[in-house]
Amino acid sequence: MATLTFQGAVGEVTGSRYLIELNDTEPSHKLLLECGLHQGGPDAERVNARPFGALARQLSAVVLSHGHLDHAGLLPKLVREGYRGPIHCPWDTRDLLEIMLADAAFVMAKDIEWENKWRTKADKPLLEVLYDLDDVERTLKLCEPHGYGQPVSLPGGATLVFRDAGHILGSSIVELGLPSGGRQRRLVFSGDLGNPSSVLMKEPEKIHEADVVMMESTYGDRDHRPLEETIEEFSQVLEEAHDAGGNVLIPAFAVGRTQEILYHLSVLYHEGRLKQQRIFLDSPMAIRVTELYARKRKSLNREDLKVLNVAAQGDPSQYLPVLRLTRSVEESMAINRIHGGAIVIAGAGMCNGGRILHHFRYNLAKPSTRVVIVGFQAAGTLGRQLVDGAERVKVLGDELPVKAKIHTIGGFSAHAGQSHLVGWAGAFRHRPQFYLVHGEPSAQKALQTALAESGIEADIPGYGDCVSL
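Rules used in this analysis
Residues numbered from 1 in each chain as written. Predicted model: local features only at pLDDT ≥ 70, side-chain atom pairs only at ≥ 80, totals over all residues. Heavy atoms only, no water. Helix = DSSP H or I, 4+ residues; strand = E, 2+ residues; numbered from the N terminus. Contact = heavy atoms within 4.5 Å. Pairing = 2+ DSSP bridges. Axes fitted to C-alpha atoms, helices over the stretch in contact; angles between N-to-C directions. Parallel < 35°, antiparallel > 145°, perpendicular 65-115°, else oblique. Salt bridge = Lys/Arg side-chain N within 4 Å of Asp/Glu carboxyl O. Buried < 20%, exposed > 50% of the residue type's maximum accessible area, 1.4 Å probe, protein only. Phe/Tyr/Trp six-rings, centres within 6.5 Å; stacked < 30°, edge-to-face > 60°. Expected span 1.5 Å × (residues − 1). Core = buried A, V, L, I, M, F, W, Y, C linked by side-chain atoms within 4.5 Å. Arc of directions from axis to C-beta.

Participant: Kindly report on the side chain of H264, identifying the contributing residues and their values.
Facilitator: Checked against the element boundaries, H264 lands in helix α8 (residues 257-270). Look past the residues within four positions of H264 in its chain and what remains in contact with it is V199, L227, I231 and F412.

As structure tokens, then:
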């Protein structure tokens, strides 16, 4: 019998990892589905540092749904510890990984360097990076990209097909055919399902046949506001910030969310509704990803691109003329001399690192500042503290009062809300077994209840749970 062991993103949103063991053949084979980074606080750092042990050399293949770090961010660590097999992923994901993993290694090295300075002074043991750029290069050489709908043969008689998940560039739903007990079983992993209201991406494909389904539940407890209302709310926040004379800070994930925010700012600009005349994309990684999105236009939603092309009269350079790309540290630092009238989009999306922290240092204590939260904030992150109404927060070693107004605009989420999750699950025939992953406990329980009301039974696995397929 084939087995599935839940090794991550169980009772939490990050750290995606699932081990599949195929025991019908001799020798048996182990497949790893996802290899994600845990995000949010010191506990996450300890979990990320755990060695893979013998597993790194025992695996026959790795399958990756998409390029977000919580799904792919530990791949170079796996390679560093001895993995040498193929990493199967969608085509556009391979291009994203080249940007994201290199950036993760660079940021990690800088953070460790900073941390080790005071550890040296305190005569404490020095920390080591999880992986470096050499590990990233080795990881990228192992990647075997595939197109949507293309059947792929895996070791042990397994098969793989990627379907468009509509979440970010290259995101996929993973379909695995697995030999188990003398028959072929079909396991479907939703990956991260996109929000059908989001711009630039196509709608997630619906799958009809499966024996076992693992489904994300990030927003399993609620639906997002309609996009039209979301854009109006966003526009109002920008106008209030302008009238108050303050800056707008948008912590944005480099992949997907940043490009969506830039799209809506472009539309507002061409409608004459954007008063700010200085917009900074202050994230080297987000800049590279945005440029990749521009090169991958054929993968994006044609109707959404048509809106921009009509507004800019077919000239991509005029999509958002007031946008400035700040690649260097010096350019980033110069932004903090601007005391009002600017929009600053910077990573990290959960405020757990990156240039957004430096902008917080200069702006968070000002009542005229507006902080716009446009993505999910995991427990333990600075972003979550702000969303939860913290009056004081620690930023780069300093405790700051939070005088800025914090706005959470969930309608920009690139994740499906509860209704869309239930609708996607309802497309399956013959009542497959559902397991809810990638969600905090309250969201998972709410989605479990909503699914039950639609006649769909779903289990919520615990960390380390192993089930037969």
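Participant: I'd like to hear about the sheet that holds strand β13 (residues 278-281), residue by residue, with values.
Facilitator: Taken together, six strands build an open sheet; the order of strands is β14-β13-β15-β12-β16-β19 and the sheet is parallel. Taken across any chain shown, the strands that pair with only one partner, and hence form the sheet edges, are β14 (323-325) and β19 (405-408). Pairs of neighbouring strands in the sheet enclose a mean axial angle of 20°, with direction left out of account. Looking at chain direction, strand β16 (residues 370-373) and β19 are connected through four bridges and run parallel. Looking across to β19, one finds that V371 is bridged to I406. Across the sheet, α8 lies against β12 (248-251), β13, β14 and β15 (342-346), angled at about 160° from β15, the strand it touches most. Against the sheet, helix α12 (residues 356-363) makes contact with β12, β15 and β16, and its axis sits at roughly 150° relative to β12, the strand it touches most.

Participant: Tell me about the packing of helix α5 (residues 91-121) against helix α9 (residues 284-295), and name the residues and values.
Facilitator: As a packed pair, α5 and α9 sit with axes 10 Å apart at the nearest point and diverge in direction by 175°. The orientation of α5 with respect to α9, classified from their angle, is roughly antiparallel. Contact residues: D95, L96, I99, M100 and D103 in α5; M285, R288, V289 and L292 in α9.

Participant: How would you explain the pattern of salt bridges if you had to name every residue and give the values?
Facilitator: Tallied over the entire structure, the rule returns 28 salt bridges. The shortest N-O distance in the salt bridge between R288 and D103 comes to 3.8 Å. With R288 in helix α9 and D103 in helix α5, the pair connects residues that are 185 residues apart, well separated along the chain. Salt-bridge contacts for R225 lead to E229; the nearest nitrogen and oxygen are separated by 3.4 Å. The exposure class of E229 is partly exposed, given its relative accessible area of 40%. Overlapping salt bridges, with partners in common, bring together R80, D132, D135 and R138 in one network.

Participant: How would you sum up the pairing of strand β10 (residues 183-189)? Please name residues and give values.
Facilitator: One ladder, built from seven bridges, connects strand β9 (residues 172-180) with β10; its direction is antiparallel. The residue bridging P179 from the neighbouring strand is Q184, located in β10. Linking β9 to β10, which pair antiparallel, is a turn of two residues; within it G181 sits at a positive phi near 60°. As judged from the three bridges shared by β10 and strand β11 (residues 212-216), these two strands associate in the parallel manner.

Participant: I'd like a description of the packing of aromatic side chains, backed by residues and values.
Facilitator: In total, this model carries seven aromatic pairs according to the counting rule given. The interplanar angle of 80° and the centroid separation of 5.2 Å between the aromatic rings of W424 and F428 together place this pair among those described as edge-to-face. A relative accessible area of 3% places W424 in the buried class. The class for F428 is buried, based on a relative accessible area of 8%. Their ring planes at 85° and their centres at 5.8 Å tell us that F428 and F434 sit as a pair that is edge-to-face. Like F434, F428 is buried. Following the ring pairs from residue to residue traces out a cluster consisting of F6, Y18, F189 and Y435.

Participant: A description of α9 should follow, citing residues and the corresponding values.
Facilitator: The end-to-end C-alpha distance of α9 is 17 Å, a good match for the 16 Å that 12 residues give at a rise of 1.5 Å each. Listing the buried residues of α9 in full gives M285, A286, I287, V289, L292 and Y293. On the buried face of α9, the contacting elements are α5, α8, β13 and β14.

Participant: Can you explain the pairing of β13? Please cite residues and give values.
Facilitator: Pairing geometry for β13 and β15, over four bridges, is parallel. Bridged to R278 within β15 is A342. Of the strand pairs in this sheet, β13 and β14 are connected by three bridges, and their pairing is parallel. When the sheet's bridge partners are listed, F280 is paired in β14 with R324.

Participant: Before we move on, can you summarise the nonpolar core with the specific residues and values?
Facilitator: Counting 105 residues, the largest nonpolar core has I20, M214, F234, I250, L265 and I345 as its most contacted members. Top element by residues in this core is α5. It accounts for nine residues. Beyond its immediate chain neighbours, meaning those up to four positions away, L265 contacts F234, L238, L274, I279, L320, I343 and I345.

Participant: Pulling in residues and values, what's your account of helix α15 (residues 441-453)?
Facilitator: Taking 1.5 Å as the rise per residue, α15 with 13 residues should run 18 Å; its terminal C-alpha atoms sit 19 Å apart, in good agreement. Among all positions of α15, only A443, Q444, L447, A450 and L451 are buried. One face of α15 carries all of its buried residues, which in axial projection span an arc of 125°. In α15, the exposed positions that point more than 90 degrees away from the buried face belong to S442, K445 and E453. In the core, the buried residues of α15 are packed alongside β11, α14 (418-425), β20 (433-437) and β21 (458-459). Directly after α15, the chain includes G455, whose backbone phi takes a positive value near 80°.

Participant: Lay out unusual backbone geometry with the relevant residues and their values.
Facilitator: The phi angle of most residues is negative, glycine excepted, and most peptide bonds adopt the trans form. Following E26, the chain continues into P27 via a peptide bond in cis, with omega recorded as 5°. With respect to the secondary-structure elements, P27 resides in the loop between β2 (17-22) and β3 (29-33). The amide bond that connects G347 to the next residue, A348, takes the cis arrangement and shows omega of 10°. Despite not being glycine, A9 has its phi angle at roughly 55°, a positive value. The exposure class assigned to A9 is buried, which follows from its relative accessible area of 0%. Its identity as a non-glycine residue notwithstanding, L396 has a phi of 50°, on the positive side. Its location among the elements puts L396 in the loop between β17 (392-395) and β18 (398-401).

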